[in-house]
Amino acid sequence: MLTNKNNQVKHTVFCIFFLIFSIGLKAEDGHRLWLRASATSPVIVQCARHSATLDIAVNELKKGWQGRPGETVILKLVKDKQLKNDGFRLSATEIQANSETGILYGVYELLRRQQTGEPVRNELINPSYNLRLLNHWDNLNGTIERGYAGYSIFWHGEDSLAVSDRDKKLWAEYARANASVGINGSVLNNVNASPKMLTSEILQRAKAIADVLRPYGIKTFLAVNFASPQVIGGLETADPLDPEVKKWWYDKAKEIYSLIPDFGGFLVKANSEGQPGPQNFGRTHADGANMMADVLLPYGGIVMWRAFVYDPSDEDRAKQAYNEFMPFDGQFRENVIIQVKNGPIDFQPREPFSPLFGAMKHTAVMPELQITQEYLGQSTHLVFLSTMWEEFLQSDTWQEGEGSTVARCTDGSIFDQKYSAIAGVANIGLDANWCGHHFAQANWYAFGRLAWDNSLSSAQIADEWLKLTFKPEKQFSPIDWNLIFLLPVKQMMLESHEATVNYMMPLGLHHIFAANHHYGPGPWWAPKDWRKDWTPPYYHQAGDDGIGFDRTANGSNAVSQYHEPLTTQLGNLQTCPEAYLLWFHHLPWDYNMKSGRTLWDELCYHYDEGVQQVRQFQKIWDKAERFVDAERFSAVQKKLREQSLNAGEWKDACLLYFQQFSKMPVPYELERPVNNLETLMEKDRRMLHRGPTN
Ligand code: GCW
């Protein structure tokens, strides 16, 4: 009897426990991003004024307050010279700012601290960059160039321009997520811009989007096609010095500002990969950018002119943007910013920084990062990009002596520039979880946090994001949560970029993707009639004599575009970091590495290490199962399995292909290849029709 009763009690306890457990882990589709927390106690908010932005700030505090119950929080607009733009002063009970958006950012900061347990002291917090922008490569037909998370949240087709409540709800959620990490601008369409973007019908929809984004402090920008005056304006030319062309842009700007009074400006991809530009009319990049800048100036608008230009010439692609833009340094208007990709080629898994950073001393330069993982496993591979961006931002250009990091060269600390900015190519689409992979949300988050504070560490960002995104709503043993979830999963995130570099292109290898999908390996891919600079052999230069692109003085001399001591350091085998070795040097297969191994063996070790790292990630994730709701757990688990499989394919494809030249064995202590080269090449051939590599 007693035993029965005991059993019953045990059973009831178990049921209650089970109930709490399963409630705590209710399925999540990831739509709430890092904004899952809700208030645990009441708060009184004092704010002297009402406005759309301030009302959002007050509501956020009430909805998310986790501080002392019944506390009074004061939101105060001030005139404080120490505060830059959207900066704010923060204490546990008061936020002061010069602008309403500053107040909003202060509120999100305070709530984040409460949720992550970070202390709040009396602090003054200013953003690193004035403009912190997302670039959406969204086409008007709803597709997204290099998008891996479904269709566009902004555009559903040119015959589908009416704005629905669903659209508005989603745009508001998007704006809120951006504001919560400090992003304050969105370019709504692809840099490969349709001229139709500037037609009056499409601009109406842009206005509707801008109206939803505005209260969250987000300015709207548009990517424009340089030939628009010809294509939609019916003019005979788009020559930037032609008076009629100028007038066309002048009238267009007037129309845009009548719809969107706080419109931010234009983003332009000109004379790049087939896009029209001033050079089509015998004019220069400066002529083109300045004409647009003059048109936007009266309204306070800016032009972001991209430096991503290269031709199929004999010149090393890595040198071309520098060659093209340096002669114009100092010739651009004050409201032009040259937008430069982090590396000199194209968002590769690892690149040295572009030599344009710091070198253009009389022109504002802004970094362009790629949040969408075009070359980093798209929405299948778990790759936390923050470490890569941190490495880039902290790279020393030496342009104004030691410590002239890319961060300091672009945020106004070193060069006096009216506008400072940073852009990230968005990874956002209509998928329920916005980014395709639950962990890809961390890259959106990290971009915003680094744009706000370019000195943050990736460890800090990962820590915040994991707590906000995964902390179970029900209490678990904090020790277990820390030891089994937070610490190992954070470690996994921090290692994930290096792991990907290892299994894709270690030691400075780059652009060895098959065809145009930019997903799987294709070191062999080189159709005879194709542009050489769009084929992997152009980049890896593998042959019987060795591997790597010689960019020393004996080769393309790209090293000369860097400031000393970098030119010497990168050009010298003793001092060139091994992470960039094959970016700058062509070396024999038996070259002696620092480890004592031959170059060939070292390559094998890196590829193998990458595969082992992903296997380790799988274990970490599987162990963390009880701390994650079933829906997100299994989605990530499945993607990790695929990543593991792909990592193995990368390793086998590259090693078996390169082995044809090295003629050396994969070190016997390493696992043997499990895929045949022919099978992998055949897999790639089936994807060929997708188009060119670029
Ligand atoms: O790397 C290339 C991408 C293109 C992209 C281009 C660019 C928008 O493959 O899809 O076009 O970069 O940045 O302009």
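Residues numbered from 1 in each chain as written. Predicted model: local features only at pLDDT ≥ 70, side-chain atom pairs only at ≥ 80, totals over all residues. Heavy atoms only, no water.

Here we come to the side chain of Lys490. By the secondary structure assignment, Lys490 is in helix H14 (residues 478-504). Polar side-chain contacts of Lys490 include one of 2.7 Å to the side chain of Asp463. Look past the residues within four positions of Lys490 in its chain and what remains in contact with it is Ala459, Ala462, Asp463, Leu466 and Phe485. (Helix = DSSP H or I, 4+ residues; strand = E, 2+ residues; numbered from the N terminus. Polar contact = N/O pair within 3.5 Å; in protein donor to acceptor, adjacent residues only side chain to side chain. Contact = heavy atoms within 4.5 Å.)

Attention shifts here to the site of the ligand. The environment of the ligand is made up of 16 residues, and the closest members are Glu145, Lys269, Lys341, Asp346 and Glu374. In this structure, Glu145 approaches the ligand through a side-chain N or O atom, which is 2.5 Å from an oxygen atom. Within the contact set of the ligand, an oxygen atom lies 2.6 Å away from a side-chain nitrogen or oxygen of Lys341. A total of 340 Å² of accessible area belongs to the ligand in isolation, and the protein chains cover 100% of it. Here the shell around the ligand is composed, by residue class, of four nonpolar, four polar and eight charged. (Near = heavy atom within 4 Å. Areas by Shrake-Rupley, 256 points an atom, 1.4 Å probe, with all protein chains shown as cover. Nonpolar A, V, L, I, M, F, W, Y, C, P; charged D, E, K, R; others polar.)

What follows is about the sheet that holds strand S6 (residues 131-135). The strand order around the closed barrel formed by eight strands is S6-S7-S8-S9-S10-S11-S12-S13, and the pairing between neighbours is parallel. The mean inter-strand angle of the sheet, taken between neighbouring strand axes irrespective of direction, is 25°. Pairing of strand S11 (residues 336-341) with strand S12 (residues 364-370), which is carried by five bridges, proceeds in the parallel orientation. Opposite Gln339, over in S12, you have Met366 as the bridge partner. (Pairing = 2+ DSSP bridges. Axes fitted to C-alpha atoms, helices over the stretch in contact; angles between N-to-C directions.)

Mapped onto the elements of the fold, Thr363 is located in the loop between S11 and S12. In terms of polar contacts, Thr363 uses its side chain to reach the backbone amide nitrogen of Gly330, at 2.9 Å. Those residues in contact with Thr363, other than ones at most four positions away along the chain, are Phe328, Asp329, Gly330, Phe332 and Ile338.

This next bit is on the packing of helix H2 (residues 52-64) against helix H3 (residues 100-116). Relative to each other, H2 and H3 sit at 10°, their axes nearing to 8 Å. One finds that H2 runs roughly parallel with respect to H3. Within the contact between the two elements, H2 uses Thr53, Leu54, Ile56, Ala57, Glu60, Leu61 and Gly64 and H3 uses Glu100, Thr101, Ile103, Leu104, Val107, Tyr108, Leu110, Leu111, Gln114 and Gln115. Here the residues of the contact of H2 with H3 are counted per class, giving 10 nonpolar, five polar and two charged. (Parallel < 35°, antiparallel > 145°, perpendicular 65-115°, else oblique.)

Quick look at the domain arrangement of the chain now. Domain parsing of the chain yields domain 1 (43-125), domain 2 (131-457) and domain 3 (498-549 + 586-686). Placing the centre of domain 1 and that of domain 2 at their C-alpha centroids yields a distance of 30 Å. Each side of the interface is counted separately: domain 1 has 14 residues, and domain 2 has 14 residues. Across the domain 1 to domain 2 interface the summed buried area is about 1,100 Å²; carbon plus sulfur atoms make up 55%. (Domains from an automatic or database assignment. Buried area = accessible area lost by both parts, 1.4 Å probe.)

The subject of this paragraph is unusual backbone geometry. With omega at 5°, the peptide bond leading from Glu564 into Pro565 counts as cis. Relative to the assigned elements, Pro565 resides in the loop between helix H15 (536-540) and helix H16 (566-571). The backbone of His511 sits at a positive phi, close to 50°, despite the residue not being glycine. If you trace the backbone, His511 turns up in the loop between H14 and H15.

Glancing now at the pairing of strand S8 (residues 219-224). Of all six residues making up S8, five are buried, and the element is well covered by its neighbours. Direction of pairing for strand S7 (residues 185-187) relative to S8: parallel, over a ladder of three bridges. Bridge pairing in S8 links Ser186 to Thr220. Note: S8 against strand S9 (residues 265-268), four bridges, orientation parallel. What sits directly across from Leu222, in S9, is Phe266. (Buried < 20%, exposed > 50% of the residue type's maximum accessible area, 1.4 Å probe, protein only.)

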